[in-house]
Amino acid sequence: MPDPAARDAAEEASAFSHPAVAPDASAAYGAHPDQVVDFYAPRDGRRSAPLVVALHGGAWRAPYDRQHLTPFVDFLARRGFAVANVEYRRGSAIPRQGGAAPVAGRWPETFDDVAAALDAVHDLAAEHLPQADPRRTVLTGHSAGGHLALWAAARHVLPAGSPWRLSAAPALRGVVALAPIAHFERAVELAVCGGAATELLGGETDFAARAAHADPALLLPTGIATAVVQGRTDVVVPPAVADAYADAAAKAGEPVGFTLLEDVGHFPLIDPAADACAVVAEEIAQLAW
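Let me begin by describing the structure that accompanies this report. (Residues numbered from 1 in each chain as written. Predicted model: local features only at pLDDT ≥ 70, side-chain atom pairs only at ≥ 80, totals over all residues. Heavy atoms only, no water.)

1. Structural notes on the overall build of the chain
Consideration 1: What the chain contains, in helices and strands, is nine helices and eight strands.
Consideration 2: For 289 residues, the compact-globule estimate of 2.2 N^0.38 gives 19 Å, and the C-alpha radius of gyration of the chain, at 17 Å, lies within 12% of that figure.
Consideration 3: With the principal axes as the frame, the chain shows a C-alpha extent of 50 × 50 × 40 Å.
Consideration 4: Burial statistics for the chain: of 289 residues in total, 56% are counted as buried.
Consideration 5: Residue pairs at least 24 apart in sequence account for 76% of intrachain contacts in the chain once pairs closer than 6 positions are excluded.
Consideration 6: A total accessible area of about 11500 Å² is found for the chain, and carbon and sulfur atoms account for 52% of it.
Consideration 7: A distance of 5 Å separates the average location of the 21 positive side-chain charges in the chain from that of its 34 negative side-chain charges. (Helix = DSSP H or I, 4+ residues; strand = E, 2+ residues; numbered from the N terminus. Rg over C-alpha atoms; globule rule 2.2 N^0.38 Å. Buried < 20%, exposed > 50% of the residue type's maximum accessible area, 1.4 Å probe, protein only. Contact = heavy atoms within 4.5 Å. Areas by Shrake-Rupley, 256 points an atom, 1.4 Å probe, with all protein chains shown as cover. Lys, Arg positive; Asp, Glu negative; His and termini not counted. Charge placed at Lys NZ, Arg CZ, Asp CG, Glu CD.)

Here it is, written out as structure tokens:
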């Protein structure tokens, strides 16, 4: 059996080996440099296509931006989708005192940005990506981006008084979350990404109160069709996190689709060279078409 760490490193190297793909258009949804969406037109020339809104991962940390997701985004465009690749504010580039990794996320700015981007994306697409059909919108995201996709689809069930709460469910065909950090309690138990979920919410002191506004496992049921795609050999966000989310959804009366891929780790899900990436595209198509 291959060494798990070595296998993960090889899968990561493959996913990150592809050159970044420039967008067809970009648009700002706010004044901060990170408040931007890149648009990719369907490569087959079709005039009307489902809109996939993609949220990148990277543990909500500054060194990881939307560029590493562009080969995956281009892969979806080559499969006939119109794609919006969203950037958002992440943590600082330097570690907390006594920490080893850059800080994960900003409270509340990370959530402010994702909410603002999703509120604006249809209007921006109408101007910059006219091929996008807003009636067929699917959210997807990888890792920390998978968390954000699930969260964005659950804004109508946020606690009363939340600044991000919607009065009605968002207009989505569904969500496809890829190896998502979808259950914060389990992620904390497993120290996923060096405790990134705790950092995202500003530390242990505010964790419980803020989790009620941020943890997808506590925002169920949503009434939004949801699929999770997970690699069984993922050592970055272990399958136990997605399992815990799926269990929470089932207990809330809302089973989610759960595709567990054998001999697949964390990064093949967004690697155009991997078979797992085609599985992801098919899961999106099942909701979009």
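2. A look at the pairing of strand β7 (residues 226-231)
Consideration 1: Taken across its six residues, β7 has six buried, putting it largely inside the fold.
Consideration 2: Side chains Thr-226, Val-228 and Gln-230 project from β7 onto one buried face, and the interleaved Ala-227, Val-229 and Gly-231 project onto a second face that is buried too.
Consideration 3: In this sheet, β7 lies alongside strand β6 (residues 174-178) in parallel orientation, the contact comprising four bridges. If you follow Val-176 over to β7, its bridge partner there is Ala-227. (Pairing = 2+ DSSP bridges.)

3. Notes on empty space enclosed by the protein
Consideration 1: Under the counting rule described, the total for this entry stands at one cavity of 30 Å³ or more.
Consideration 2: Taken as a whole, the largest cavity holds about 50 Å³ of empty space.
Consideration 3: Forming the boundary of the largest cavity are Leu-150, Ala-153, Ala-154, Pro-216, Leu-219, Leu-220, Thr-222, Thr-226 and Tyr-245.
Consideration 4: Residues of the lining of the largest cavity, tallied by class, amount to seven nonpolar, two polar and no charged. (1 Å grid on protein atoms, 1.4 Å probe; cavity = no way out; pocket = protein on both sides within 12 Å on 5 of 7 lines; lining within 4 Å. Points joined across faces, edges and corners; volume = space filled by probe spheres on them. Nonpolar A, V, L, I, M, F, W, Y, C, P; charged D, E, K, R; others polar.)

4. What to know about the packing of aromatic side chains
In this description, an aromatic ring pair is defined by two values, namely the gap between the centres and the angle between the planes.
Consideration 1: What the rule picks out here adds up to nine aromatic pairs.
Consideration 2: Here Phe-81 and Trp-289 contribute two aromatic rings whose centre-to-centre distance is 6.0 Å and whose plane-to-plane angle is 40°, an arrangement assigned as tilted. Of this pair, Phe-81 sits in the loop between α2 (70-78) and β4 (82-86) while Trp-289 sits in the segment after α9 (275-288); the two residues are 208 residues apart in sequence, bridging distant segments of the chain.
Consideration 3: Measuring from centroid to centroid gives 5.4 Å for Phe-111 and Trp-164, while their planes differ by 35°, and the two rings are tilted. Of this pair, Phe-111 sits in helix α3 (residues 109-128) while Trp-164 sits in the loop between α4 (144-152) and β6, and the two are 53 residues apart along the sequence. Neither residue differs from the other here; Phe-111 and Trp-164 are each classed as buried.
Consideration 4: Ring pairing ties together the aromatic residues Trp-107, Phe-111, Trp-151 and Trp-164, which thus form one cluster. (Phe/Tyr/Trp six-rings, centres within 6.5 Å; stacked < 30°, edge-to-face > 60°.)

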